[in-house]
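# Observations on chain architecture
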Amino acid sequence: MTESTRDVEKIYSTTDVVAKLRRLADALESETSFRIQIAGERIRVPARAQFSIEHERGSDEEEIEFQLKWTLDESPDTDGDKIV
């Protein structure tokens, strides 16, 4: 099996980001897995995903990243998915 990687950054309108964040917050609060569409691809995020916030500061810019991380395994949780 070959390993594939994907690294995409997509700029969304404020309205789209607000809607995605609201639905994401609801899914996190209810501790359920969900799906999110990013740059045309739907990704399933399991309820067991770990959430982190990163802050980076350079000489001429700052960045905040909200991250969800999980390991890929053969027995993902199967609770109700929410589309985000």
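Residues numbered from 1 in each chain as written. Predicted model: local features only at pLDDT ≥ 70, side-chain atom pairs only at ≥ 80, totals over all residues. Heavy atoms only, no water.

## Here's the deal with the overall build of the protein chain
The helix and strand inventory of the protein chain stands at 1 helix and 5 strands. Secondary structure elements of the protein chain, listed N to C terminal, follow the sequence α-β-β-β-β-β. In the protein chain, which comprises 84 residues, the share counted as buried stands at 13%. A sequence separation of at least 24 residues applies to 52% of the contacts in the protein chain between residues at least 6 apart. When the accessible area of the protein chain is evaluated, it comes to approximately 7100 Å², of which 49% is carbon and sulfur surface. (Helix = DSSP H or I, 4+ residues; strand = E, 2+ residues; numbered from the N terminus. Buried < 20%, exposed > 50% of the residue type's maximum accessible area, 1.4 Å probe, protein only. Contact = heavy atoms within 4.5 Å. Areas by Shrake-Rupley, 256 points an atom, 1.4 Å probe, with all protein chains shown as cover.)

## Some words on the pairing of strand 2 (residues 41-45)
Pairing geometry for strand 1 (residues 34-38) and strand 2, over 5 bridges, is antiparallel. Residue pairing in the sheet places Phe34 in a bridge with Val45 of strand 2. Hairpin connection of strand 1 to strand 2: 2 residues between the antiparallel strands, including Ala39 at a positive phi of 50 degrees. (Pairing = 2+ DSSP bridges.)

## A short note on the nonpolar core
Of all hydrophobic cores here, the largest spans 6 residues; its members are Leu24, Ala27, Phe34, Ile36, Val45 and Ala49. Looking at this core, the elements that each hand over two or more residues are helix 1 (14-29) and strand 1. (Core = buried A, V, L, I, M, F, W, Y, C linked by side-chain atoms within 4.5 Å.)

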